[in-house]
Amino acid sequence: MLRLNLLLLLAVMACSMYLVNTQYESRRLFTELDRAQVEARRLETEHQRLQVEKRAQATPLRVETLAREKLQMRSTTPAITQYVTDDGSPVVMAITPAAVPSGGAAAAGGRRQ
């Protein structure tokens, strides 16, 4: 009987140690899960903020302003356009009022009777 009692006592002790270990591991994993969820929310917020900032940086007005100020770019006009051939040599063209088609001449030429 004494051996049975000792055997049962050892079984109860082993089960209780296993239960304590399982509860500890469960709490540790829950804490780790909670931290991961907080980190995921933080990263999602950061991602949304960066998306908004990206959209703000790519507005056409901002791009045009940067092109004018930092790159010294300007809008094209026939006066500053330089044409080149396939071999890379420039084509010299004289800009005269007769050489530049007007809107009225194009509209009149487009009508057929």
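Residues numbered from 1 in each chain as written. Predicted model: local features only at pLDDT ≥ 70, side-chain atom pairs only at ≥ 80, totals over all residues. Heavy atoms only, no water.

## Let's talk about unusual backbone geometry
Inclusion rule: Note on conventions: DSSP H or I runs of at least 4 residues are helices, E runs of at least 2 residues are strands, and numbering of each starts at the N terminus.
In this structure, Gln 72 takes a positive phi of about 50 degrees despite not being glycine. The topology assignment puts Gln 72 in the loop between helix 2 (60–69) and strand 1 (83–84).

## Here we look at the confidence of the model for the protein chain
We count it as follows: For every residue, the predictor states its confidence as a pLDDT score lying anywhere from 0 to 100. Any two residues whose heavy atoms approach within 4.5 Å are treated as being in contact.
Residues with a pLDDT of 70 or more make up 81% of the protein chain, whose mean pLDDT is 83. Counting contacts from residues 103–113, a segment whose pLDDT is below 50, to residues more than four positions away or on other chains yields zero contacts.

## As for the environment of Gln 82
Stated precisely, the cut-off is as follows: For each residue, the accessible area found with a 1.4 Å probe, counting protein chains only, is set against the maximum for its type, and the residue is called buried under 20%, exposed over 50%, and partly exposed in between.
Examined against the element boundaries, Gln 82 turns out to sit in the loop between helix 2 and strand 1. Judged by relative accessible area, Gln 82 falls into the exposed class, the value being 58%. Taking the C-alpha atoms as reference points, Gln 82 and Val 92, separated by ten residues in sequence, lie 7.9 Å from one another.

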